[in-house]
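# Structure assessment
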Amino acid sequence: VERIVLVDPRSVYAASKAAQEHLTAAWARQTGGAVVALRYHNVYGPGMPRDTPYSGVAAIFRSALEAGRAPRVFEDGGQRRDFVHVRDVAAANLAALDATGTGTGWRAYNVASGRPVTIVEVATELARAADGPPPVVTGEFRLGDVRHVVASPTRAETELGFRAAVGLTEGIAEFAHAPLRG
Ligand code: UD1
């Protein structure tokens, strides 16, 4: 059955992700090779890079708290993301390698916890765990940002046997004191 899927990336970053999947799908078709596309959601955990525009919000909040500053939450803080711990991401990579050792074709999986949270919840929990100042909601916004980014983890669970194991409360408690890099 022919399926037409319209992909409409909203940002340069999103367009680059879609392009990578299209390239690997074409490669798999032409060579008979196997590709597993892992769609990481918002990864956090020990060893995250410090405060850079590419760091991800968890590291930005963590760096602010380390400097004694309040985390600055954009929009109204109600935007949702799916935070997945770096150890779970490592497990998903291993599960994908195990599952596809002899396969062919192209398949994509969300690497997500399946438990989306608001950004203000993450900021509040991290600030509490770090014993720092509570977040400030600034009302700023980034052009091209998607309001809610959520994902179903079901396919990764049924086909790869991957299920995120680190809960956010536990992960944030560790991350509040874990070393950053760079
Ligand atoms: C990710 C990418 C981003 C890309 C977007 C496409 C990274 C780090 N970010 O963003 O480049 O454009 O996917 O969908 O790879 N926030 C704050 N305060 C801050 C920084 C961010 O409240 O100081 C909020 C943002 O408004 C957003 C949320 O935190 O709602 C998450 O931001 P971020 O960590 O950059 O991840 P994505 O938005 O998923």
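Right above here is the structure, for reference.
Residues numbered from 1 in each chain as written. Predicted model: local features only at pLDDT ≥ 70, side-chain atom pairs only at ≥ 80, totals over all residues. Heavy atoms only, no water.

### Quick notes on the site of the ligand
Inclusion rule: For each residue, the test is whether any non-hydrogen atom lies within 4 Å of the molecule or strand; if one does, the residue is near. For this analysis, a polar contact is any N or O atom pair within 3.5 Å, provided that within protein one partner can donate a hydrogen and the other can accept it, and provided that sequence-adjacent residues contribute only side-chain to side-chain pairs. The method behind every accessible area is Shrake-Rupley, applied with a 1.4 Å probe, and residues are considered shielded solely by the protein chains displayed. By the criteria applied, helices consist of DSSP H or I runs no shorter than four residues and strands consist of E runs no shorter than two, each listed in order from the N terminus. Just so you know the grouping, Ala, Val, Leu, Ile, Met, Phe, Trp, Tyr, Cys and Pro go in nonpolar, Asp, Glu, Lys and Arg go in charged, and all remaining residues, Gly too, go in polar.
Taken together, 17 residues form the shell around the ligand, and within it Val-57, Arg-72, Phe-74, Arg-81 and Arg-142 come nearest. Measuring from an oxygen atom of the ligand, one finds a backbone N or O atom of Phe-74 at 2.8 Å. The separation between an oxygen atom of the ligand and a polar side-chain atom of Gln-79 is 3.2 Å. Protein contact buries 83% of the 740 Å² of open area that the ligand shows by itself. Among the elements that line the shell around the ligand, the one with the most residues is helix H2 (residues 57-66), at 3 residues. The residue makeup of the shell around the ligand, split by class, is 8 nonpolar, 4 polar and 5 charged.

### Looking at the side chain of His-41
Which entries qualify depends on this criterion: Using a 1.4 Å probe on the protein chains alone, a residue whose accessible area is under 20% of its type maximum counts as buried, one over 50% counts as exposed, and one in between counts as partly exposed. Here, two residues are considered to be in contact whenever any of their heavy atoms come within 4.5 Å of each other.
Relative to the helices and strands, His-41 resides in the loop between strand E1 (34-40) and strand E2 (42-44). Residue His-41 is classed as buried on the basis of its relative accessible area, which comes to 15%. Residues contacting His-41, with those up to four places away along its chain left out, are Asp-82, Val-84, Asn-110, Val-111, Ala-112, Val-149, Val-150 and Ala-151.

### Structural notes on the pattern of salt bridges
Put simply, the test is: Take a side-chain nitrogen of Lys or Arg and a carboxyl oxygen of Asp or Glu: if they are within 4 Å of each other, that pair is a salt bridge.
The tally for this structure, following the rule as stated, stands at 10 salt bridges. Here Glu-75 makes a salt bridge to Arg-147, at a shortest N to O gap of 2.8 Å. Here Arg-147 lies in the loop between strand E8 (136-137) and helix H5 (154-160) and Glu-75 lies in the loop between strand E3 (72-73) and strand E4 (80-81), a separation of 72 residues in the sequence. Each member of the salt-bridge network shares a partner with another, and the members are Arg-50, Arg-62 and Glu-66.

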